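So the chains spell out like this:
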Amino acid sequence: MKVGVPRETTAGERRVALVPETVRRLTGSGFEVIVERGAGKSASFPDPDYEQAGATLVDDAYTGAAVAKVQPPASAEADRLRSGQVLIGFLQPLTDHEGIERLSERGVVAFAMESIPRITRAQAMDALSSQATVSVLAADRLPKFFPMLMTAAGTVAPAKVLVLGAGVAGLQAIATSRRLGAVVSGFDVRPVVREQVESLGATFLDLGVTGEETAGGYARELSEEEQRRQQEALETRLPEFDAVITTALVPGRPAPRLIPASAVAAMRPGSVIVDLAAEAGGNCELTEPGEAVVREDVTIIGYTNLPSTMPFHASQLYSRNVLALLQHLAPAGELNLDWEDEITSSACVTRKAEVPA
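One structure accompanies this document, and this report is about it. Quick caveat: nothing in here was measured; it's all calculated off a predicted structure. (Residues numbered from 1 in each chain as written. Predicted model: local features only at pLDDT ≥ 70, side-chain atom pairs only at ≥ 80, totals over all residues. Heavy atoms only, no water.)

In this section: the packing of helix 1 (residues 20-27) against helix 11 (residues 311-329). In helix packing, the relevant descriptors are the interaxial angle and the interaxial distance, both defined with respect to the helix axes. At a minimum axis distance of 9 Å, the contact between helix 1 and helix 11 shows a crossing angle of 20 degrees. Between helix 1 and helix 11, the angle is such that the two are roughly parallel. When the axes of helix 1 and helix 11 are compared, the crossing they make is right-handed. Contacts from Glu 21, Thr 22, Arg 25 and Leu 26 of helix 1 reach helix 11 at Gln 316, Ser 319, Arg 320, Leu 323 and Leu 326. The residue inventory of the contact of helix 1 with helix 11, partitioned by class, reads three nonpolar, three polar and three charged. (Axes fitted to C-alpha atoms, helices over the stretch in contact; angles between N-to-C directions. Helix = DSSP H or I, 4+ residues; strand = E, 2+ residues; numbered from the N terminus. Parallel < 35°, antiparallel > 145°, perpendicular 65-115°, else oblique. Left-handed = near helix turned anticlockwise from the far one by under 90°. Contact = heavy atoms within 4.5 Å. Nonpolar A, V, L, I, M, F, W, Y, C, P; charged D, E, K, R; others polar.)

Given below as C-alpha cells:
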C-alpha cells in the first residue's frame, strides 16, 4: 500500500502527518511511502531524513492509495483525491459539513482522527490526547515562578493554577503544571472525574454544579441556570489563582462560557488565562480566538492551533497515531477494511457507496 504525505497548506500549520521515524517503521512493514518535497521542513524534518528512512520524495503526494494529513484538505486539495482513496487526518466531521460533503461526493474513504473511539485498544491512535499541548504557555506568561523556591533571600511561594475541564487536555494540563511545580486545582462538572484529578496530585474544586457524562465521555451541556450558577461560583474563586487553563468543550457545539468579563476583572493583575477552547469560541468571554490579549491587566491566550507552535514533537506524536491507524487498517501493508470493527467503523466519516456496511 502506497501512502502519500503532502505538505500542509493551511495557514499557520507547521506539523507534518508522518515523520522519518514512522516512515522507517512503515517501509519496514510492507508499506511504500511517498513524501512531497518540503513537507516536513516547517517541523524541522528535512527531505534527506525522509529519503534515509526509505521514503520517495515527489512533487505530488496524492497518487498513493492512502493520503495522510494533519488538517482537512482545502477545496483544491480535495479535488486531487479520487474515488476509493483513503484519507486520514483531523477532518472536523461535526463542524466542517461542507468539507465532509465534498469528500463524500468524490467517494473518498475518509478517517477522522478526532473520531477514534475512546477504547483501550485504540489508545495508540488517540491523536486528541497526543496533541493536547498545554500549560507551558501559562508558565511563560506569568510574571512569577511556577515552583516554590527556597533561597537565602527567603522562600518564594509556588504559583496556583486552576484547570477547568478534566478531559484529555485538562488532565494533561494538570500533570504538566504539577511537574512545573505549581499548586494545582481542577474542576469539572462530571463528578466521576474527581478521582482522576486527585490521582494527579491536584485538588478537586467543588463549585456545587454537576452534570452527567455522555456516552462519548464528554460532559453534557449545562442548562442556562446551571451555567449562571457555575459562573457566579467561579467569579468568587478565580482571584485565588495565578493562572487558569480552560479546556471545556462539547463536540460540535460552541464552547461553554465559563468565565464572564466580570470574573476576569476580579482576578489579580498579572494573572494568566490560557483558553484551549478558543477554536470553538472560547470558555472566557474576553478571549479573542487566535490572539493573546491583555484585558483588565490579565493576559488571555486564545491561540487556536497550539500543537503547531511546537511542531517537531507534535508531529512526532501525531505521526505515531497515524502509524497505528494505518497498521490497523492495512495489516502488513494490505488494505483490509473491516466495517464490523469498532475502530474502523467509528473513525470513518465518508466512504464509497458501494462499500458494504
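After that view, the rundown keeps rolling.
Looking now at the pattern of salt bridges. Considering all chains together, one arrives at 18 salt bridges under this definition. Between Arg 37 and Asp 59 there is a salt bridge, with the nearest N and O atoms lying 3.0 Å from each other. Of this pair, Arg 37 sits in the loop between strand 2 (32-36) and helix 2 (47-52) while Asp 59 is found in the loop between strand 3 (56-58) and strand 4 (66-68), placing the two residues 22 residues apart along the sequence. By relative accessible area, Arg 37 is classed as partly exposed at 43%. Owing to a relative accessible area of 60%, Asp 59 belongs among the exposed residues under this scheme. Across the pair Asp 341 and Arg 121 runs a salt bridge, and its minimum N-O distance is 2.8 Å. Of this pair, Asp 341 sits in the loop between helix 11 and helix 12 (342-347) while Arg 121 sits in the loop between strand 6 (109-112) and helix 5 (127-130), placing them 220 residues apart in sequence. Asp 341 sits in the buried class, given a relative accessible area of 12%. When its relative accessible area of 48% is taken as the criterion, Arg 121 is described as partly exposed. Bridged by salt links that share partners, the residues Glu 8, Lys 69 and Glu 77 form one connected network. (Salt bridge = Lys/Arg side-chain N within 4 Å of Asp/Glu carboxyl O. Buried < 20%, exposed > 50% of the residue type's maximum accessible area, 1.4 Å probe, protein only.)

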